[in-house]
Amino acid sequence: MSETLINQIPIISDYKEIIEITKGFSSDEKFLIHMKDGTNKFLLRMFDLEELEVKKTEYSILEKMQGYNVTCSKPISIGEVGNRGYMVTSYIEGKDAENEILKYSEQEQFNIGIEAGIELRKMHQLSAPAHITSWYSRKIEKHNKYINAYLDCGVKVKNDHIIMKFIDENIHLMKQRTNLFQHDDFHLGNIIVNNKKFAGVIDFGRYDWGDPIHEFLKIGIFSRGVSIPFSIGQIKGYFNNKEPDEAFWRLYSLYLAMCVFSTVVWTLKTIPNDMNEMLDKVYMYLEDHDYFSRLIPKWYQ
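First things first, this report covers the structure right here in the doc. The structure displayed is predicted, hence computed values, not measured ones.

Parameters at a glance
- Residues numbered from 1 in each chain as written.
- Predicted model: local features only at pLDDT ≥ 70, side-chain atom pairs only at ≥ 80, totals over all residues.
- Heavy atoms only, no water.
- Helix = DSSP H or I, 4+ residues; strand = E, 2+ residues; numbered from the N terminus.
- Contact = heavy atoms within 4.5 Å.
- Disulfide = S-S within 2.5 Å.
- Buried < 20%, exposed > 50% of the residue type's maximum accessible area, 1.4 Å probe, protein only.
- Core = buried A, V, L, I, M, F, W, Y, C linked by side-chain atoms within 4.5 Å.
- Arc of directions from axis to C-beta.
- Pairing = 2+ DSSP bridges.
- Axes fitted to C-alpha atoms, helices over the stretch in contact; angles between N-to-C directions.
- Parallel < 35°, antiparallel > 145°, perpendicular 65-115°, else oblique.
- Left-handed = near helix turned anticlockwise from the far one by under 90°.
- Nonpolar A, V, L, I, M, F, W, Y, C, P; charged D, E, K, R; others polar.

1. Description of the environment of Val 282
Tracing the chain through its elements places Val 282 in helix α10 (residues 275-288). Through-space distance from the C-alpha of Val 282 to that of Ala 257 is 9.2 Å; in sequence the pair is 25 residues apart. In contact with Val 282, other than residues within four places in its own chain, are Val 260 and Thr 263.

Given below as structure tokens:
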């Protein structure tokens, strides 16, 4: 069925080859489209029609990212075909950094991190639309729901009372935080590398609005477990090679602490068979911070 519909999308109807992409958690159908001219490649996403308005917002964000010179997919076309919605973007040549980066030297990993941090800083130039409520009010509401769901579930994290106390003592810091664009899934799995260089960032579908420092918790959960040089590089690149201040590390630690409970609840609901693996990640960053008695993680040199 997909091939029949693809033939009806004008921009890519003259294709040579279609390759389905199965990686990732997204419910979208994804295809790499090779065009007959041999030079162009496109990424096609197909999705349920009721998602079209949400996808149009994502598409407009990709358009805005071009204005900030962010190295990401370029939006080409969006619309509906048959009973499906579709979005066509440029294809970033390379492989995902999560699988590739450990083949590189530590210096190369660090350099890719620097570039990633610079790109993330560019993204954070985009302010939230006026109708978006404050970061504090939205984050507090989500956190309270997660805490209640955690307390009702059967999984318990060691010394959870210490983590909750740290959150309670620092949660007020979110009150004055800016409401800016968040990629919200910025980690090695969504970064493309090519010839040992940063090639671009992908997957803007989970975007949000709020505190840009919240983006960095993906370092503590995911990227740090794969490549510490990359993780250090991302922070250094973001801050133009200056050291982040205590306010950064305190908010970073606060968001990681809050993530303990959302991780348990999300994993139980979405991928319960992966609970032990996710808890390993949680305990890794709890140890990095000695259960938040230290703000700067042990791995950051």
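2. Considerations on the state of the cysteines
In protein chemistry, a disulfide is the covalent bond that joins the sulfur atoms of two cysteines. Counting across every chain of the model gives zero disulfides. In this structure Cys 153 is a free cysteine whose sulfur lies 14 Å from that of Cys 259, the closest cysteine sulfur available.

3. Comments concerning the environment of Ile 61
Of note, Ile 61 is situated in helix α2 (residues 52-67). For Ile 61, a relative accessible area of 3% gives the class buried. On a C-alpha basis, the gap between Ile 61 and Ser 253 in space is 28 Å, while along the polypeptide they are 192 residues apart. In this structure Ile 61 touches Phe 181, Phe 204, Tyr 207 and Trp 209, once residues within four positions along its chain are discounted.

4. Points about the nonpolar core
In terms of nonpolar packing, the biggest core is built from 74 residues, with Met 65, Met 123, Ile 163, Phe 181, Phe 204, Tyr 252 and Tyr 255 touching the most fellow members. Sorting elements by how many residues they give to this core places helix α9 (residues 246-270) first, with 14 residues. If we ignore the near neighbours within four places in the chain, the residues touching Tyr 252 are Ile 213, Phe 216, Leu 217, Ile 219, Gly 220, His 289, Pro 297 and Trp 299. In terms of nonpolar packing, the next biggest core, distinct from the first, is built from 14 residues, Tyr 15, Leu 44, Met 46 and Val 88 among them.

5. Thoughts on helix α6 (residues 160-170)
Taken as a whole, α6 has its buried residues at Asp 160, Ile 163, Met 164, Phe 166, Ile 167 and Asn 170. All buried residues of α6 lie within an arc of 160 degrees about the axis, which places them on one face of the element. Facing away from the buried side of α6 by over 90 degrees, the exposed positions are His 161, Lys 165 and Asp 168.

6. Looking at the sheet that holds strand β6 (residues 95-96)
Spatial strand order, β6-β8-β9: three strands in an open sheet with antiparallel pairing. Whereas interior strands pair on both sides, the edge strands pair on one side only; in this sheet they are β6 and β9 (197-201). The pairing of strand β8 (residues 191-194) with β9 spans four bridges and is antiparallel. Opposite Ile 192, over in β9, you have Gly 200 as the bridge partner. Taken strand by strand, helix α4 (residues 106-123) contacts β8 and β9, and its axis lies near 30 degrees from that of β9.

7. Focus on the packing of helix α5 (residues 135-152) against α9
For any two helices packed against each other, the geometry comes down to the angle between their axes and how far apart the axes lie. Where α5 meets α9, the axes come as close as 9 Å, and the angle between the chain directions of the two elements is 50 degrees. As summarised for this structure, α5 and α9 are arranged oblique, according to the angle between their axes. Seen along the crossing, α5 lies across α9 with a hand that is left-handed. Judged by residue contacts, Trp 135, Lys 139, His 143, Tyr 146, Ile 147, Ala 149 and Tyr 150 of α5 engage Tyr 255, Met 258, Phe 261, Ser 262, Val 264 and Val 265 from α9. Tallied by class, residues from the contact of α5 with α9 come to 10 nonpolar, two polar and one charged.

Function cannot be inferred from these measures alone, as they are strictly geometric.
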